[in-house]
Amino acid sequence: MRSRVLVLTGAWLLAGCASTGSTGAPVAAASSTTDGAPAVQPPWRWPVRTLPHVDLWLHAFAVLSDDSAAVPLYRRGYRDSITVIKNQRNLLTALDGNRERLVRGLRSNGYLDAQFLPFGYASWDEMRATIEQFLQLNGDARRAPTREAGMRMAPLAAIFATAADREWLRLFVTGVQDEGTRFLLPEHQKLLRDRAATITAVDSLWQQVYRTKFERFLNNTSQRQGDLVLSLPVGGEGRTGAGYTGRTMVAVTYPGRASDAMEVLYVFAHEATGALVGPAVSDNTTPAEQRAGIAARHVSSGQVQAGAMLLTRLAPELLPGYQRYYLRQSGQRVPGETRDAYTAAFNATFTLPAAIRDALAKQIDIVLSGI
């Protein structure tokens, strides 16, 4: 899933920040040139990272959202698992206490683009400070003390345009702060320790094997540099937006086991092709179909199918696992163990009109050909 406020967010990003690896430490390292002078190595391309504030923000949306999409917006079963843990600890935070009002506002207004906001900040403290200043100014970014501050507030102003929107945001941020302090951030640190072997496995697969296989596609779609962010609440529907590093950030699932590290590559393929799907659907659906929501359903299936098409071209060995993964994500039973069986189930679950399928295949071919 790609942010519709990507352009707004990107406008205030500070380019040229050092890339950081999974631990948050700078990746660029100093070395010596032939004349003995220190030389700085370029940062890693598409480093694997974790960002606690991204997880905190998406966690809050996940526990409030009615997740009924064909491919859930969050990891399947995530909200229920969180409820069990908090009930066992008899823990009630401000997010829980204000749940009814927050859910009502979320159902009425969506605020879907707000999910991408944390990509534009390096930490929760930085993000919260900007939001609080925005609320103090009653949403008028023109009154910001500096031009940079005003540009930082622009994405907020685009989403939370009315007084009622901003009151929802105020209540939400209060809940997120309490949820983070009393529950999620300590739990997040523990889970990262428990999953250290997973991030090592993901980094090895990505940097040593698969990044180079994706390289031509990424280069030809203006995604040469980016950050691959492992996120605990994210499932098969990743998140893609402009990051505070000045590069694209793609949030993907964070598997619980090192043996499931391939799932990261599946979701990345789904996200990397996302920008191709909207135009293909728009060009091959009628205005009536778009008004009826049929086009939106085609976009969801198209993103899954486009990822499969890309893997067929770049890393066909990943395709069977990709198909099984997205069948499970959609709640479908994976039939048998034969490739033909789950390929048929995959195509039946994520159906697309032939015109859209052909348009996607053609566009992927054009990208890979460098035209």
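Rules used in this analysis
Residues numbered from 1 in each chain as written. Predicted model: local features only at pLDDT ≥ 70, side-chain atom pairs only at ≥ 80, totals over all residues. Heavy atoms only, no water. Helix = DSSP H or I, 4+ residues; strand = E, 2+ residues; numbered from the N terminus. Buried < 20%, exposed > 50% of the residue type's maximum accessible area, 1.4 Å probe, protein only. Contact = heavy atoms within 4.5 Å. Areas by Shrake-Rupley, 256 points an atom, 1.4 Å probe, with all protein chains shown as cover. Salt bridge = Lys/Arg side-chain N within 4 Å of Asp/Glu carboxyl O. Phe/Tyr/Trp six-rings, centres within 6.5 Å; stacked < 30°, edge-to-face > 60°. Lys NZ or Arg CZ within 6 Å of the ring centre and 35° of its normal.

## Description of the overall build of the protein
On a plain count of helices and strands, the protein comes out with 16 helices and six strands. Classification of the 371 residues of the protein by burial places 49% in the buried group. Of the contacts made within the protein by residues no fewer than 6 positions apart, 72% connect residues no fewer than 24 positions apart. When the accessible surface of the protein is split by element, carbon and sulfur atoms take 52% of a total near 16,600 Å².

## As for the environment of Pro-186
With respect to the secondary-structure elements, Pro-186 resides in helix H8 (residues 163-194). Under the relative-accessibility criterion, Pro-186 is labelled partly exposed at 43%. In contact with Pro-186, other than residues within four places in its own chain, are Gly-180 and Thr-181.

## Quick look at the pattern of salt bridges
Under the counting rule described, the total for this entry stands at 21 salt bridges. Here Lys-86 makes a salt bridge to Asp-96, at a shortest N to O gap of 2.7 Å. Of this pair, Lys-86 sits in helix H3 (residues 78-88) while Asp-96 is found in helix H4 (residues 94-97), placing the two residues 10 residues apart along the sequence. Residue classification places Lys-86 among the buried residues on the basis of a relative accessible area of 6%. For Asp-96, a relative accessible area of 25% corresponds to the partly exposed category. Taking the shortest distance from any N to any O, the salt bridge between Arg-128 and Glu-132 comes out at 3.9 Å. Of this pair, Arg-128 and Glu-132 both sit in helix H6 (residues 124-136), four residues apart, which is roughly one turn of the helix.

## Focus on the packing of aromatic side chains
To describe a pair of aromatic rings, you give the distance between the ring centres and the angle between the ring planes. Under the criterion given, the structure shown has 20 aromatic pairs. Geometrically, the ring pair formed by Tyr-266 and Tyr-325 is tilted, given 5.8 Å between the ring centres and 45° between the ring planes. In this pair, Tyr-266 is assigned in helix H10 (residues 262-272) and Tyr-325 in helix H14 (residues 319-329), connecting sequence segments 59 residues apart. Each of the two residues, Tyr-266 as well as Tyr-325, counts as buried. Ring-pair connections join several aromatic residues into one group, and the members of that group are Trp-57, Phe-61, Tyr-111, Trp-124, Phe-160, Trp-168 and Phe-172. The ring of Phe-183 has Lys-86 lying over it, and the distance from NZ or CZ to the ring centre is 5.5 Å.

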